[in-house]
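Descriptive analysis of the structure
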Amino acid sequence: MIINSRFFNRSELIGFLTLALLLFLILPLSLDVFRLNLVAKYLTYAFVAIGLVLCWGYGGILSLGQGVFFGLGGYCMAMYLKLEASSVENTKIQSTPGIPDFMDWNQITQLPFFWKPFHSFPLTLFAIILVPAFFSFIIGAAMFKRRVGGVYFAIITQAIAAILTILIVGQQGYTGGINGITDLRTLHGWDIRTDHAKLILYFVEVVLLFGCIVTAQFIRLTKLGRILVAMREQEDRVRFSGYSVANFKIFAFCAAAVFAAIGGALFTLEVGFMSPSFVGIVPSIEMVIYTAVGGRMSIFGAVYGTLAVNFAKTALSESFPQLWLFGLGALFIAVVLAFPNGLAGIWQDYIQPRIDRLLAARNKPGFALPDNSVANGAPAE
C-alpha cells in the first residue's frame, strides 16, 4: 500500500515510520531474546488498544470488558495447540489417551464436541475471528438496540468479564480451570519455545500489528469513521439524520473485539499458555489505561501508550514488587489530569507545533543560517 498524504498526514506518517523503525530494527538489534519476547507480549495488548481507539475514542463506547475478547482469541489458539500436544503418543500414560491432561484428571473420557473443530488449524484461525465477532455482536445488539450506553454499558461489560472468568474457573474439566490451558509446545510440529521461534513470532506479530493499524486508519478515514465521530459528539443528530446509530455502534464494538482476539491468539503463542487471569476485570481495565495513556483518539498513540505503560510496569514490578500497582494507578491519574489526550496530545500540542514553525521558517524565501563571518555588527567583506 502506498502511504501518502491522503492516508497519513505528516504527523501520522512520522509516527508510522518511527514505530516501524523501532519495532523492525532498533528493538530486535538492541534487546536479547528474553526482552524481545517481553516486547512481543506487550504488543499483543496493542491490538486491544487499537480496537479501543475505534470503539471508545471515535465511537464513544467505553468497554471495560475487552479482556473477554482477548481471552476468547487466546483460548481458541490454546485449544488448537493443546490438542496438538495431546496426541495419543504423548498422552499414553493417561487413563484416556488422546485428550488434554486436565480433562483426564477430571475423569472426562472423551473429547467434548466443541473441542473437536480445533483439530484443524484453518478452522482455528476462522474461530479466532468468528467467535469474538459473534459474541460481541450478540452483546452489542442486545445493548445498543435498547439504547444502553455510557456508564451503564461499561458496567455491563465489566459484569460480562466477571461472569466469563467465573465460568472458565468453574468448568475446570473443559477449560483447565484457574490454571488455564498450559504446556503448549508446538505449532504444526514447530517448537514455539526456542529462541529462533520467538524471533520469528515477534516479526509475524509486528507485521500483523501494522496490518491492524492500516485497517483502523482506513476505517477512520472513511465515511464510517466520520459518522462514528459525529455519533460520539451528537448521537441524536445522527439518529435524526436517518442513520442507524445502533448498527454503527455494533460495528465499532465488533471491530474492537476482533482486534482484541487477534492479540489474544498471538499472546498464547508468545507465552505458551492462556488462563482466566487475562480475561477478567483487572486486565480489561489495564487495557483501557494503555489506550488512555497513549491517547484514545490516536491509533499510533495507543501503541506507544501500551509499550510505555508495560515498560513502566515491568520496571516498577522488578524494583518495587509491592508498589507497582500504585505506580500504575498514579501514572494513569497523572496523565488524565495533566494530559487528557495522552502521549498523542503531548506530541500534537507541544512538539508538532514547534516542528511546523521550524519547517515554515526554513521555507521562507529570505531564510538563511547565520553567517559566522559577520560578528558583533562588523561589516562583511
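Details of the structure are given in the entry above.
Below or above, wherever it landed, is the structure these notes cover. In this text the structure is predicted, and so the values were computed from the model without any measurement. (Residues numbered from 1 in each chain as written. Predicted model: local features only at pLDDT ≥ 70, side-chain atom pairs only at ≥ 80, totals over all residues. Heavy atoms only, no water.)

To continue, consider empty space enclosed by the protein. If a probe as big as a water molecule is rolled over the atoms, it shows which places are left empty. As enumerated under the stated definition, the model contains one cavity of 30 Å³ or more in all. For the largest cavity, the calculated volume is near 30 Å³. Considering the residues around the largest cavity, the lining is formed by Ser-63, Gly-65, Val-68, Phe-69, Ile-139, Thr-157, Ile-160 and Phe-253. Elements with a minimum of two residues in the lining of the largest cavity: α3 (66-85) and α6 (150-170). Of the residues assigned to the lining of the largest cavity, the class counts are five nonpolar, three polar and no charged. (1 Å grid on protein atoms, 1.4 Å probe; cavity = no way out; pocket = protein on both sides within 12 Å on 5 of 7 lines; lining within 4 Å. Points joined across faces, edges and corners; volume = space filled by probe spheres on them. Helix = DSSP H or I, 4+ residues; strand = E, 2+ residues; numbered from the N terminus. Nonpolar A, V, L, I, M, F, W, Y, C, P; charged D, E, K, R; others polar.)

In this structure, Ile-138 sits in helix α5 (residues 121-144). C-alpha separation for the pair Ile-138 and Cys-254, spaced 116 residues apart in sequence, amounts to 9.6 Å.

Here we take up the layout of surface pockets. By volume, the largest pocket amounts to about 760 Å³. Lining the largest pocket are 27 residues, and of these Leu-72, Met-79, Val-131, Phe-135 and Leu-164 lie nearest its centre. For the lining of the largest pocket, the leading source of residues is α5, giving seven residues. By volume, the second largest pocket is sized at about 390 Å³.

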